[in-house]
Amino acid sequence: MMSKSFCDLPFEENYIHPNGKMRLCCTTIQDLPTDNNYNLFDASKHSIDEYWNSNRMKEIRRKMIAGEKVRDCERCHRQEEHGVQSLRKTTDMEQHIKETAADGTYSKPATAMQLQMGNICNLKCKMCSQMYSHMHGLETLEIGKEDPDWLHWVKEQGANVNNWTNELGIRQEWYKNNKTKLKMFEHISKNIKHLCVIGGEPTLIPEFYELFDYCDQQDTLGDKIVTLNTNLTNTNPRLTRWLPKLGEWKIWASVDGVGDRTEYIRYPSKWDKILESLEFYRSMLRPNDGIVLSPAIQLLNIDQLDDIVKWWKDWCGGELNHQFGFTWLATVWYPLICNPNIAPREWRLRVADKLSKYKFDKKYDQIIKELRRDQHTIDKSKKLQKAFIKYNDKQDQFRKVQKTWRDLLPELELSLTKSLG
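Rules and cut-offs
- Residues numbered from 1 in each chain as written.
- Predicted model: local features only at pLDDT ≥ 70, side-chain atom pairs only at ≥ 80, totals over all residues.
- Heavy atoms only, no water.
- Helix = DSSP H or I, 4+ residues; strand = E, 2+ residues; numbered from the N terminus.
- Rg over C-alpha atoms; globule rule 2.2 N^0.38 Å.
- Buried < 20%, exposed > 50% of the residue type's maximum accessible area, 1.4 Å probe, protein only.
- Contact = heavy atoms within 4.5 Å.
- Areas by Shrake-Rupley, 256 points an atom, 1.4 Å probe, with all protein chains shown as cover.
- Arc of directions from axis to C-beta.
- Polar contact = N/O pair within 3.5 Å; in protein donor to acceptor, adjacent residues only side chain to side chain.
- Pairing = 2+ DSSP bridges.
- Right-handed = clockwise from strand over helix to strand, strands pointing away.
- 1 Å grid on protein atoms, 1.4 Å probe; cavity = no way out; pocket = protein on both sides within 12 Å on 5 of 7 lines; lining within 4 Å.
- Points joined across faces, edges and corners; volume = space filled by probe spheres on them.
- Nonpolar A, V, L, I, M, F, W, Y, C, P; charged D, E, K, R; others polar.
- Salt bridge = Lys/Arg side-chain N within 4 Å of Asp/Glu carboxyl O.
- Axes fitted to C-alpha atoms, helices over the stretch in contact; angles between N-to-C directions.
- Phe/Tyr/Trp six-rings, centres within 6.5 Å; stacked < 30°, edge-to-face > 60°.

A. Local environment of the overall build of the protein. Scanning the protein from terminus to terminus reveals 18 helices and 8 strands. Here the C-alpha atoms of the protein give a radius of gyration of 22 Å, agreeing with the 22 Å that 2.2 N^0.38 yields for 421 residues. In the protein, which comprises 421 residues, the proportion classed as buried is 56%. In the protein, the proportion of contacts linking residues at least 24 apart, taken out of those at least 6 apart, comes to 73%. Summed over its atoms, the accessible surface of the protein is roughly 19,400 Å², and 50% of this surface lies on carbon and sulfur atoms.

Rendered as structure tokens:
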């Protein structure tokens with residue numbers, strides 16, 4: 001039976017947020033405090049060793065072993081309470097407990113790491129924010145110069161329309177500190193077997209290549225399993241030197257639709273370039289490597305979800321397998337205007353009926369089930385629908401896109417018009 005409080009991650013994984021802050025894992029929102037409980041652990045100032053057995057980390061391990069819930073894990077617990085599978089895992093619980101000292105010290109280093117390499121990105125995705133794309137923040141500021149009232153409204157709306165409006169346009173580049181960067185490289189080269197690299201867009205960041213160069217020089221690439229999250233808008237020939245030396249690699253391809261739909265959502269990406277990049281990685285696949293499609297399922301693409309799966313299976317040559325996969329991360333909840341459940345009920349049911357004609361798997365069926373469930377009151381839905389229209393109309397106008405959301409989703413536009421009277 002799975003423990004209601006324990007998780008393997010505080011015993012085996014390091015996590016660095018895009019701003020350099022160290023956290024328990026990717027689902028937590030709490031930054032880890034230093035032992036003085038005043039400062040926060042920051043990869044631009046602190047090493048992995050400094051935080052790994054800090055007072056807070058030891059406290060977390062003690063509480064988990066004692067069966068107490070940890071506030072850092074509230075998102076996973078909330079998902080589980082709603083019957084949704086969380087990222088919490090307990091596969092090695094007994095071994096981890098055995099190896100932990102009474103005060104919570106864990107002497108072994110982590111063997112896995114999720115490395116968020118800042119927020120430098122070339123895209124301004126609809127569901128993204130300043131935290132993961134400095135270009136997104138810069139654009140929001142630019143629109144605000146033309147329309148200060150709109151920017152004030154965006155900041156006032158908060159996570160309804162944009163997850164991050166503080167320090168817009170700031171470049172998060174914690175890895176520029178050469179001293180801590182080298183310690184990070186040393187730690188990864190020596191200890192990390194499973195490395196997941198996310199951005200921003202990692203392939204745009206020079207230090208991403210420096211990391212691979214360092215591990216190559218130390219002859220440690222061969223013992224690593226690397227997952228690279230990329231928007232496929234940029235490929236570098238240098239990767240052809242390193243990928244074949246890795247023990248195993250996977251590309252998580254951030255593609256949110258077919259053709260002009262993904263160009264709209266992940267603006268200003270180009271479909272032809274995405275296809276070219278996919279072929280680039282496919283040409284280097286070995287038996288244990290893989291490419292995994294990782295769409296952010298949201299209001300702007302859920303009506304096309306069956307078409308996305310069909311296209312992907314066709315590109316992969318038929319059926320999905322260990323080389324060609326499909327991720328089922330949670331449907332986008334924030335910003336709330338990206339969540340499919342804010343749409344009018346009649347539109348959601350029509351989309352659910354369309355999707356249900358294509359049989360895929362249980363997680364696909366769960367998304368259809370969620371579409372049919374009313375999660376918001378009518379009043380809240382209408383407020384969010386108005387916000388959806390206002391935000392996207394302004395953004396589309398500023399970008400001068402050839403196809404607006406109204407052009408791409410005419411049935412949704414009609415349904416919203418009826419809903420709002």
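B. Up close: helix H15 (residues 362-372). The set of residues buried in H15 consists of Tyr-364, Ile-367, Ile-368 and Leu-371. All buried residues of H15 fall inside an arc of 100 degrees around its axis, so they share one side. Away from its buried face, by an angle of more than 90 degrees, H15 presents the exposed residues Lys-362 and Lys-369. Looking at the buried positions of H15, the neighbouring elements they touch are helix H13 (305-316) and helix H14 (345-356). At the N-terminal end of H15, a side-chain oxygen is found 3.2 Å from the backbone nitrogen of Lys-363, two or three residues along, and the residue is Asp-361.

C. Structural detail: the pairing of strand S7 (residues 290-293). The alternating pattern of S7 places Gly-290 and Val-292 and Ile-291 and Leu-293 on opposite faces, both of which are buried. Where strand S6 (residues 248-253) lies against S7, 4 bridges are found, and the strand directions are parallel. Bridge pairing in S7 places Lys-250 opposite Gly-290. The sheet contact formed by S7 and strand S8 (residues 324-326) spans 3 bridges and is parallel. When the bridges of S8 are listed, Ile-291 appears paired with Phe-324. A crossover links S7 with its parallel partner S8, the connecting element being H13, and its sense is right-handed.

D. Up close: empty space enclosed by the protein. In the structure shown here, the tally under the stated rule is 5 cavities of 30 Å³ or more. Here the largest cavity is characterised by a volume of approximately 80 Å³. In terms of lining, the largest cavity is formed by Cys-7, Leu-9, Pro-10, Leu-24, Cys-25, Thr-27, Thr-28, Met-64, Cys-73, Cys-76, Leu-87 and Arg-88. Here the lining of the largest cavity is composed, by residue class, of 9 nonpolar, 2 polar and 1 charged.

E. Highlighting the pattern of salt bridges. The final tally for this structure, using the stated rule, is 41 salt bridges. Where Lys-145 meets Glu-142, a salt bridge forms, and the shortest distance between an N and an O atom there is 3.2 Å. Linking Lys-145 with Glu-142, this pair stays in helix H6 (residues 134-146), spanning 3 residues, or about one helical turn. Using a relative accessible area of 64% as the deciding quantity, one classes Lys-145 as exposed. Accessibility expressed as a relative area gives 36% for Glu-142, which makes it partly exposed. In this structure, the salt-bridge partner of Asp-213 is Arg-238, at a minimum N-O distance of 3.5 Å. Taken together, the residues span a long stretch of sequence, with Asp-213 in helix H9 (residues 206-217) and Arg-238 in the loop between strand S5 (225-230) and helix H10 (239-242) at a distance of 25 residues. A single network of salt bridges, built from pairs that share partners, joins Arg-56, Glu-59, Lys-63 and Asp-72.

F. Spatial organisation of the sheet that holds strand S3 (residues 112-116). What the 8 strands build is an open sheet, ordered S2-S1-S3-S4-S5-S6-S7-S8; its pairing is mixed. Each edge of the sheet is formed by a strand with only one pairing partner; in this case those strands are strand S2 (22-23) and S8. Where helix H8 (residues 178-191) meets the sheet, it contacts strand S1 (13-16), S3 and strand S4 (194-198), and its direction lies at approximately 145 degrees from that of S3.

G. Region of the structure containing the packing of aromatic side chains. Taken as a whole and judged by the stated rule, the model has 25 aromatic pairs. Relative to Trp-52, the ring of Tyr-51 has its centre 6.0 Å away and its plane inclined at 80 degrees; by these criteria the two rings are edge-to-face. Exposure remark for Trp-52: the relative accessible area of 5% places this residue in the buried category. The interplanar angle of 10 degrees and the centroid separation of 5.1 Å between the aromatic rings of Trp-312 and Trp-315 together place this pair among those described as stacked. With Trp-312 and Trp-315 both in helix H13, this residue pair falls 3 residues apart, about one helical turn. Since its relative accessible area comes to 10%, Trp-315 is described here as buried. One aromatic cluster is present, built from ring pairs that chain together Trp-271, Trp-311, Trp-312, Trp-315 and Phe-324.

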